[in-house]
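Given next are the chains, with one letter for each unit.
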Number of protein chains: 2
Amino acid sequence: MQKDLKSWLEISAHSDFSIYNLPYGVFSTNQHADSRVGVALGEYIIDLWKLSPLLEEIHFDRAVFLKAELNDFIALGKSIHTAVRQRITDIFTTEDTEIQNIAKKTLIKQSEVVMHLPVKIGDYTDFYSSIEHATNVGKMFRDPENALLPNWKHLPVAYHGRASSIRVSGTDFHRPKGQIKPNDSDSPVFSPSKSLDFELEIGLIIGKNSEIGESVSTEQAENYIFGLVLFNDWSARDIQKWEYVPLGPFLAKNFFSSISPWVVTMEAMEPFKSEGPEQNPPVLDYLTFSGAKNYDIQLSVEISAENGASAIVSQTNFKYMYWNMAQQIAHHTVNGCNLNIGDILASGTISGSEPTSFGSMLELTWGGKNPIKLSENSERKFIQDFDTVTMRGFSQKEGIKIGFGEVSNKVLPSK
Amino acid sequence: MQKDLKSWLEISAHSDFSIYNLPYGVFSTNQHADSRVGVALGEYIIDLWKLSPLLEEIHFDRAVFLKAELNDFIALGKSIHTAVRQRITDIFTTEDTEIQNIAKKTLIKQSEVVMHLPVKIGDYTDFYSSIEHATNVGKMFRDPENALLPNWKHLPVAYHGRASSIRVSGTDFHRPKGQIKPNDSDSPVFSPSKSLDFELEIGLIIGKNSEIGESVSTEQAENYIFGLVLFNDWSARDIQKWEYVPLGPFLAKNFFSSISPWVVTMEAMEPFKSEGPEQNPPVLDYLTFSGAKNYDIQLSVEISAENGASAIVSQTNFKYMYWNMAQQIAHHTVNGCNLNIGDILASGTISGSEPTSFGSMLELTWGGKNPIKLSENSERKFIQDFDTVTMRGFSQKEGIKIGFGEVSNKVLPSK
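Keep in mind that this is a model prediction, so the values were computed, not measured.

S.K.: For this particular structure, what's the right way to read the sheet that holds strand 21 (residues 310-317) of chain B?
M.R.: The strands that make up a sheet pair up through hydrogen bonds in the backbone, lying either parallel or antiparallel. All names here are of chain B. Pairing within the open sheet is mixed, and its five strands lie in the order 9-26-25-20-21. A strand with exactly one partner marks an edge of an open sheet, and here the two such strands are strand 9 (173-174) and strand 21. Direction of pairing for strand 20 (residues 298-304) relative to strand 25 (residues 388-397): antiparallel, over a ladder of seven bridges. Residue pairing for strand 25: Glu 302 is matched across the bridge by Thr 390.

Encoded structure:
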């Protein structure tokens, strides 16, 4: 990483979108309703189509910047991404006032745009890679004495999720209805979920296709990641509890999921690599890896009620994950399953070891037994109608901040 | 249904593709490599782009026939589908020799084309709707005394599958590798699957988008189905057994799935509606329905070995399914999960009550305990390398036959 970069554009030291970040997103404006590709910088978005005359030394079809999703840009490959990133860095740190003046004309205030889903998502996979989360859920849903199932430390457990219902931050949604079995009954009832929950996750966006029949090694895996987003895997715990045996969660999850609009690239994340926890027992060969493969990302969840009460209910870190992303990709493809650009692999709920670092209400309130106070008069066991849940994340080190922005959604009553 | 239709084109009485069928598919030829849309009739394919001048009284953009998938045609809606179907029927039963001569020029022998995946699949969901299959699996994987879990008769259990690895009939694939836990060990080993299996299923192709937050009723559900295909949900039983708790099957399934190339429309299937089994206990209101919602489709599975040995190992019927497709769609959307055109909902393994009517090797050989003979010298517990598995299906009634063709794939050794 280049150090001591200084942009001629004024950027707050607190901004998520420093010159070191340069995340990609898709936006439109009231004046220009067609969605197109931009990069966040401070309070602004760089309109890449407008900037593209300054990128002409890099050879690619700049029409990728007029697409309503990043997939075609991603498909250009790492060498183009690296060149574009370097050139944007050069332009926004140059002392050449002529270039500055051209670049200034490509800037739009983030407050004036609508952000869209950044990628067309083919398949979505959800992992279950936090040992603290898996242990907490195992204790509550199954057997407190054997919370972690026998396979958990041998493979990164995962299941397929629903791609069609993933939406961008800012989208409201209705509380899901479904079958719930009361504890005192043998039969289910039909009801709006009474235990709607968030799950704090990081989603990785696949940056390179793999072929069917091909296995991606842990060493190669990071070349298959374009970048990261915040991911809220909204869950209805009462629906989940009744439906999930034997084939896993279905309607408890697929009503809605949400992601942050800005994709933070792996190049930006490079300085924040971190050692993960020791894996014991040792993993099979195809899951071994060398070097630091976790990432230090500070994460928080805030609940804001309609009455104005609001509280940060969880603070945790992505570096705690037992299974890292390289292992997740190696496992996902070891049987020959193919990955496509735009696929999302989410981490699973990110919980730390402290009760205040758990990544879901299920864990934070221990199944509703210990409500959380939002204010003197407001408490929550799970998420109520008109609550807004906001997840934020950033990495920070030696004065450099790389932020994810936020994924924030309001829950509306059942239809 | 019109009866006593007679085409001027010679069609064998044994053909799957009678004048009553008219299934849609996507094909290309050596001379014309661009994939495009056709309809099967007897031994021929009707090239719909070439036929489209005869369809000009129906108002739609005939460029949908030049697409490499049916999605845009499907999006035109049921009234266009009905009109196109009626017009094709009229053209191929007309006594007007001038029209016959024009229509003859649109025909290509099926033996001369390459068939492709008929739709771009957004999401793929796999149900578990045969009570016989769920009972058999429950007996073997879990508890023989409580084979059916408590939720099974209350909701059509399902999980999300992998869309990226669904391929059309004729595609070979490599035996998957993965983690397998030997019975006499606490730790898994890495190995090619030793118990590769098929699952005989029917897949429905979604024909209409539903909105996020919208629930589709059982009454409306059939309007959301464009048509049906044969579906082979290839499975690695040893990988499945170790990985599937608590979140369901993942690598045991997502290495490869396959479908037949011709989509048989619900209009063609209309005469084959059939009563399903009684559902007891009664289902919740949103799962109730009126009228016959099952379909009478005769199904078979053949295994052909490299040495020439071959046997039909299963014969069953789609009408046995406990949960019908209308219930599956109502359940899938009751929480607001949205469906998109091209999504596939597969039935789950279709097993009957007789041991010869089970839809997987797991059941047919009872976990490998009772091998099946393919010939005097060849037997199978599961599927071996270079075996070809072929599934076929058809409906027949009062001299009318509607066939699905086949889904047939050969297994290659692990890479």
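Additional details are given in the paragraphs that follow.
S.K.: I'm lost on the UniProt feature "binding site: Ca(2+)" (unreviewed entry) in chain A in this one. Help?
M.R.: Residue and element names in this part refer to chain A. Per the UniProt record, the feature "binding site: Ca(2+)" (unreviewed entry) sits at Asp 126, Glu 199 and Glu 201. On the basis of their most widely separated C-alpha atoms, the annotated residues across 76 residues gather in one place, lying no more than 11.1 Å apart. Topologically, Asp 126 is positioned in strand 6 (residues 124-127). Judged by its relative accessible area of 1%, Asp 126 falls in the buried class. Sequence-distant contacts of Asp 126, that is, excluding residues within four places in its chain, are made with Ala 158, Tyr 159, Glu 199, Glu 201, Asp 233, Ala 346, Ser 347 and Gly 348. Excluding anything up to four places from it in sequence, Glu 201 contacts Asp 126, Val 229, Leu 230, Phe 231, Asp 233, Ala 346, Ser 347, Gly 348, Thr 349 and Ile 350.

S.K.: Whenever I open this one, the relation of the copies chain A and chain B confuses me. Can you help?
M.R.: Relating one copy of the chain to the other requires a rotation about an axis plus a shift along that axis. Between the two copies, chain A and chain B, the superposition gives an RMSD of 0.0 Å; the rotation angle is 180 degrees and the shift along the axis is 0.0 Å. One copy is carried onto the other by what is essentially a two-fold rotation axis. Considering only C-alpha atoms, the part of chain A nearest the rotation axis is Gly 248 of chain A, at 2.2 Å. The residues that chain A uses at the interface reappear at the interface of chain B in 100% of cases, marking a shared surface.

S.K.: Whenever I open this one, the UniProt feature "domain: Fumarylacetoacetase-like C-terminal" (unreviewed entry) in chain A confuses me. Can you help?
M.R.: Residues annotated by UniProt as "domain: Fumarylacetoacetase-like C-terminal" (unreviewed entry) correspond here to residues 125-411 of chain A. Annotated as residues 125-411 of chain A, this span is 14% helix and 32% strand, and its ends, taken at the C-alpha atoms, are 24 Å apart.

S.K.: Would you explain the interface of chain A and chain B in this entry?
M.R.: A common way to report how large an interface is uses the accessible area buried once the components associate. Counting from both sides, the interface comprises 58 residues of chain A and, opposite them, 58 residues of chain B. Carbon and sulfur atoms make up 61% of the surface buried where chain A meets chain B, a total of about 5,400 Å² over both sides. The tally of links between chain A and chain B comes to four salt bridges. The partner of Asp 123 of chain A in a salt bridge is Arg 162 of chain B, and the shortest N-O contact between them spans 3.6 Å. Put simply, the parts of the chain that give the side of chain A that touches chain B at least two residues each are strand 7 (158-161), strand 10 (177-180), strand 11 (189-192), helix 7 (237-243) and helix 9 (325-333) of chain A. By residue class, the composition of the side of chain A that touches chain B is 29 nonpolar, 20 polar and nine charged.

S.K.: Is there a simple way to explain the pairing of strand 20 of chain B in this structure?
M.R.: In regular strands, side chains alternate between the two faces of the sheet. All names here are of chain B. For strand 20, a buried count of five out of seven residues is recorded, marking the element as mostly surrounded by other parts of the structure. Two elements, strand 20 and strand 21, share seven bridges in a ladder whose sense is antiparallel. Note on strand 21: the bridge partner recorded for Val 301 is Ser 314. Where strand 20 folds back on strand 21, the antiparallel hairpin that results is connected by five residues, among which Gly 308 adopts a positive phi of roughly 95 degrees.

S.K.: What should I look at first to understand the sheet that holds strand 26 (residues 400-412) of chain A in this one?
M.R.: Residues and elements named next belong to chain A. With mixed pairing, five strands are arranged side by side in an open sheet as 9-26-25-20-21. Every other strand in the sheet has two partners, leaving strand 9 (173-174) and strand 21 (310-317) as the edge strands with one partner each. The pairing of strand 25 (residues 388-397) with strand 26 spans nine bridges and is classified as antiparallel. Bridging across to strand 26, Arg 392 finds its partner in Glu 406.

S.K.: Hey, could you run me through the state of the cysteines in this one?
M.R.: Disulfides are covalent bonds that connect the sulfur atoms of two cysteines. This structure, assessed with the given rule, holds zero disulfides over all chains. Not part of a disulfide, Cys 337 of chain A finds its nearest cysteine sulfur in Cys 337 of chain B, a span of 20 Å. Overall, Cys 337 of chain A belongs to the buried group, its relative accessible area being 0%.

S.K.: Looking at this structure, I do not really get helix 3 (residues 78-93) of chain A. What am I missing?
M.R.: For the α-helix, the turn length of 3.6 residues means that residues three or four positions removed from each other point alike. End to end, helix 3 of chain A covers 22 Å across 16 residues, agreeing with the expected 22 Å (1.5 Å per residue, within 8%). Listed as buried for helix 3 of chain A are Ile 80, His 81, Val 84, Arg 85, Ile 88, Thr 89, Ile 91 and Phe 92 of chain A.

Conventions we followed
Residues numbered from 1 in each chain as written. Chains lettered and ligands numbered in written order. Predicted model: local features only at pLDDT ≥ 70, side-chain atom pairs only at ≥ 80, totals over all residues. Heavy atoms only, no water. Pairing = 2+ DSSP bridges. Helix = DSSP H or I, 4+ residues; strand = E, 2+ residues; numbered from the N terminus. UniProt positions renumbered as here; feature names shortened; annotations may be inferred. Buried < 20%, exposed > 50% of the residue type's maximum accessible area, 1.4 Å probe, protein only. Contact = heavy atoms within 4.5 Å. Least-squares fit on C-alpha atoms with pLDDT ≥ 70 in both. Buried area = accessible area lost by both parts, 1.4 Å probe. Salt bridge = Lys/Arg side-chain N within 4 Å of Asp/Glu carboxyl O. Nonpolar A, V, L, I, M, F, W, Y, C, P; charged D, E, K, R; others polar. Disulfide = S-S within 2.5 Å. Expected span 1.5 Å × (residues − 1).

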